[in-house]
Amino acid sequence: MLFNLIENIDMETVYFIGILFSIAATFLMLGKFNGFLPKDQGKEFAVGGMASKGKIRGAGISFIIVYCVAVALFSKLNVEICIYTALVFAAMLTGYLDDAAEVPWGRLKKGLLDLFISIATAVTYIYYNGTKILIATANIKVTIPPVIMGILIIILVWAAINVTNCSDGIDGLCGTLCIITLSTIYAMDKVFKIDDGFNYTILLMIIVILVYLWYNAPDSTILMGDAGSRSLGLFIAIAMLKSGAPIMYLLVSIVLIIDGGLGLFKVSFIKVFKKNPMPNIITPVHDQYKKKSGWVNTQVVYRFSIIQIIFSIIAIYLCIK
């Protein structure tokens with residue numbers, strides 16, 4: 001917005017001011033304005049789930065609002081970025097309403113909302129970017145029929161929202177993994193040719209998550225809740241689409257996929273076939289290591305992050321090779 005209000009303004013100056021604003025505003029929102037947020041009731045069946053009881057939940061509403069305001073004020077806005085920002089806000093709002101509800105929303109209600117957001121993302125992306133995707137490791141572009149591309153985008157968005165949501169069960173884990181994933185995409189800018197306007201929004205999202213982690217570091221005082229994890233999952237999916245190489249999501253988010261995805265697969269399999277396909281595996285996978293291997297929360301965060309960093313390095317290497 002400032003680019004449009006002030007003539008001949010230096011782009012780098014506006015970007016720098018936006019970074020400072022995001023840091024200060026997120027600290028202010030998370031440190032001073034949490035009184036209206038709900039309190040966590042704990043998770044009775046999760047490993048160590050009752051340790052979160054009484055903590056402030058739904059803090060995603062604070063840092064996502066800051067992100068949206070920062071994008072509106074300091075980025076090079078276009079219609080596409082405005083739509084994506086509105087969708088991220090919508091994902092945050094649906095998550096927050098679930099966080100604040102006395103009775104958690106059912107899977108059907110959340111599933112329909114996810115479907116709407118996924119369809120809107122698919123239509124927006126295809127309209128503004130077409131249906132070519134980059135096979136980064138081979139440096140070739142493939143054109144996919146629009147209907148098939150739309151279905152694949154819906155699957156990607158739905159999966160990203162839900163695996164990120166399921167991974168949010170340990171202080172610092174979801175936020176740290178999201179930062180590593182988004183930082184990987186940001187670092188690949190020269191290869192993926194992300195336009196400056198959108199790439200800057202990735203940086204803003206990384207910054208607000210970093211500030212959130214200041215308060216979410218073990219032992220945390222606040223939790224992002226569905227308001228944060230659902231919107232972060234959506235944003236990661238959008239960032240991967242804008243990279244032009246969405247298949248790389250399998251590498252740059254592999255820990256999120258395994259940690260949250262196995263739980264989704266297990267629940268879906270049991271619901272359809274009435275049989276547990278993984279009777280000896282606790283999901284999300286981070287609970288498996290806490291209960292069976294005796295890892296403490298900090299060990300889970302560090303080790304899962306190290307694994308993701310290794311795969312992110314591999315992803316970068318394959319793209320610049």
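Heads up: the structure comes first, above all this text.
A brief look at the structure comes next. (Residues numbered from 1 in each chain as written. Predicted model: local features only at pLDDT ≥ 70, side-chain atom pairs only at ≥ 80, totals over all residues. Heavy atoms only, no water.)

1. Let's talk about the packing of aromatic side chains
And step 1. A complete count under the given rule lists twelve aromatic pairs for this structure.
And step 2. Between F27 and W214, the aromatic rings sit 5.9 Å apart at their centres with planes inclined by 80°, giving edge-to-face as the arrangement. Here F27 is found in helix 2 (residues 11–32), whereas its partner W214 is found in helix 9 (residues 196–216), with 187 residues between them in sequence.
And step 3. The exposure class of W214 is exposed, given its relative accessible area of 63%.
And step 4. Where F63 meets Y212, the ring centres are 5.2 Å apart and the plane angle is 45°; that geometry is what we call tilted. One end of the pair, F63, is in helix 3 (residues 60–74); the other, Y212, is in helix 9, with 149 residues separating them in the sequence. The pair F63 / Y212 is uniform in exposure class, with both members buried.
And step 5. Here a set of aromatic residues connected by ring pairs shows up, and it is made of Y67, Y84, F198 and F235. (Phe/Tyr/Trp six-rings, centres within 6.5 Å; stacked < 30°, edge-to-face > 60°. Helix = DSSP H or I, 4+ residues; strand = E, 2+ residues; numbered from the N terminus. Buried < 20%, exposed > 50% of the residue type's maximum accessible area, 1.4 Å probe, protein only.)

2. Here we look at a nonpolar patch on the surface
And step 1. A surface patch of nonpolar side chains, about 480 Å² in accessible area, is lined by L108, L112, L115, I119 and V123.
And step 2. Within the element layout of this structure, L108 appears in helix 5 (residues 107–129). (Patch = residues over 30% accessible without salt bridge, like charges linked within 9 Å, V, L, I, M, F, W, Y side chains within 5 Å. Areas by Shrake-Rupley, 256 points an atom, 1.4 Å probe, with all protein chains shown as cover. Salt bridge = Lys/Arg side-chain N within 4 Å of Asp/Glu carboxyl O.)

3. Observations regarding the side chain of S253
And step 1. Checked against the element boundaries, S253 lands in the loop between helix 11 (249–252) and helix 12 (254–273).
And step 2. The class of S253 is buried, set by a relative accessible area of 0%.
And step 3. Discounting chain neighbours no more than four positions away, the residues touching S253 are T181, I236 and Q308. (Contact = heavy atoms within 4.5 Å.)

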